[in-house]
Number of protein chains: 2
Amino acid sequence: MDTDIGFKAALEEAKQGASEGGVPIGACLVSAEGKILGRGHNMRIQKGSATIHAEISALENAGRLPASAYKGATMYTTLSPCDMCTGACILYKVKRVVLGENKTFVGGEEHLQRKGIEVVNLKNAECEELMKKFVEERPGDWYEDIGEGSK
Amino acid sequence: MDTDIGFKAALEEAKQGASEGGVPIGACLVSAEGKILGRGHNMRIQKGSATIHAEISALENAGRLPASAYKGATMYTTLSPCDMCTGACILYKVKRVVLGENKTFVGGEEHLQRKGIEVVNLKNAECEELMKKFVEERPGDWYEDIGEGSK
């Protein structure tokens, strides 16, 4: 079992988002057995959506599942999860959140840990680069996505 | 300005959800000026969705908005918000969450307050009754919605 399939898929999703002109963040939910349950990317620009962040997209694409399906699961995401996506991981009680980077943005990592969810930061340069470019080129879209005014 | 329009709309949404055979929870996001920005209801059953809870639905139906649009806003919901919906309210920094009841389920109320968001519980009998009936008749669907095994 290769646990890296989740991060690889999340990064592919982030790049797909970038190629669509969207916020370049991807995510992938992997079961305890190492099976991809769902993957997706941020759809703010593509769908005019305020809620389809990458992790929400991955959970949504996984479809309706019983609580048992999330047991021992890992949420891979290319960026530290915002408060909403943090809450979604807590709701479904995933075991672990593996994030690509938190240099661009630090989300609910402490809250995840407080709830007993393991947090791993890969400090991945490709994830950082995707976000650096996006924030520099389109600060308005980025700050809107995290509920902040443009800076 | 009638601040009750938000709760009225949320309750209508919950009843609409019930009439569709869905989880009977509704929500409505109202701006500081008293304008309805978005309203919606839980779509787990109707759309096979793991993420379209009532508050997410209201935020999604409000569409893409700048951070300023949420300033001073109130999220009305017929039930105490789960961790995901709590996080969504924190992400967009609404001022207040008004909930119909928390007898059926207590969500992230403390976390909201910790983040400086006011929480008001209306202890509404109609909201309680809608959920009581649903949980009694369809416990499996209900526990799935809150990420719990059937009890």
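Note: the structure precedes this text.
Residues numbered from 1 in each chain as written. Chains lettered and ligands numbered in written order. Predicted model: local features only at pLDDT ≥ 70, side-chain atom pairs only at ≥ 80, totals over all residues. Heavy atoms only, no water.

Is there a simple way to think about the environment of Lys-71 of chain A in this case?
Residue and element names in this part refer to chain A. Looking at the element boundaries, Lys-71 is found in the loop between α3 (54-62) and β3 (74-77). Judged by its relative accessible area of 65%, Lys-71 falls in the exposed class. Linking Lys-71 and Lys-93, residues 22 residues apart in sequence, is a C-alpha distance of 6.9 Å. (Helix = DSSP H or I, 4+ residues; strand = E, 2+ residues; numbered from the N terminus. Buried < 20%, exposed > 50% of the residue type's maximum accessible area, 1.4 Å probe, protein only.)

Just to check I follow, could you spell out the sheet that holds strand β5 (residues 118-121) of chain B for this structure?
As a general point, the strands of a sheet are linked pairwise by backbone hydrogen bonds and lie either parallel or antiparallel. Residue and element names in this part refer to chain B. The sheet built from five strands is open, its strands ordered β2-β1-β3-β4-β5 with mixed pairing. Two strands bound the open sheet, and with one partner strand each, they are β2 (36-41) and β5. Mean inter-strand twist for the sheet, computed between neighbouring axes without regard to direction, equals 15°. Sheet topology note: the strand β4 (residues 96-99)/β5 ladder contains four bridges and is parallel. Following the sheet pairing, Arg-96 is matched in β5 by Glu-118. The strands touched by helix α3 (residues 54-62) are β1 (26-30), β2 and β3 (74-77); relative to β2, the strand with the most contacts, the crossing angle is about 135°. (Pairing = 2+ DSSP bridges. Axes fitted to C-alpha atoms, helices over the stretch in contact; angles between N-to-C directions. Contact = heavy atoms within 4.5 Å.)

So what exactly am I meant to see when it comes to the interface of chain B and chain A here?
When the parts of a complex come together, some accessible area is lost, and that lost area is often used as the size of the interface. Taken together, the contacts link 35 residues of chain B with 36 residues of chain A. Approximately 2900 Å² of surface area, both sides summed, lies buried where chain B meets chain A, with 54% of it carried by carbon and sulfur atoms. Linking chain B with chain A are six salt bridges, by the criterion used here. Close ionic contact of Arg-64 of chain B with Asp-141 of chain A constitutes a salt bridge, the shortest N to O distance being 2.9 Å. At the boundary of chain B and chain A, one finds 19 residue pairs in polar contact (both at pLDDT 80 or more). Where the side of chain B that touches chain A is concerned, the elements lending two or more residues are α2 (44-47), α3, α4 (83-91), α5 (109-114) and α7 (139-145) of chain B. For the side of chain B that touches chain A, the leading source of residues is α4 of chain B, giving six residues. Its residues assigned to classes, the side of chain B that touches chain A comprises 16 nonpolar, nine polar and ten charged. (Buried area = accessible area lost by both parts, 1.4 Å probe. Salt bridge = Lys/Arg side-chain N within 4 Å of Asp/Glu carboxyl O. Polar contact = N/O pair within 3.5 Å; in protein donor to acceptor, adjacent residues only side chain to side chain. Nonpolar A, V, L, I, M, F, W, Y, C, P; charged D, E, K, R; others polar.)

Looking at this structure, how should I read the packing of aromatic side chains?
The description of an aromatic ring pair rests on the distance of the ring centres and on the angle between the ring planes. All names here are of chain A. Enumeration over the complete set of coordinates arrives at four aromatic pairs over all chains. When the centroid spacing of 4.4 Å and the interplanar angle of 20° are considered together, the rings of Tyr-70 and Tyr-92 count as stacked. Remark: Tyr-92 occurs in the loop between α4 (83-91) and β4 (96-99) and Tyr-70 occurs in the loop between α3 and β3; sequence separation between them is 22 residues. A relative accessible area of 1% means that Tyr-70 is categorised as buried. Relative to Trp-142, the ring of Phe-105 has its centre 6.0 Å away and its plane inclined at 90°; by these criteria the two rings are edge-to-face. Residue Phe-105 is found in the loop between β4 and α5 (109-114), and its partner Trp-142 is found in helix α7 (residues 139-145); the two are separated by 37 residues along the sequence. Assigned by exposure class, Phe-105 and Trp-142 land together as buried. (Phe/Tyr/Trp six-rings, centres within 6.5 Å; stacked < 30°, edge-to-face > 60°.)

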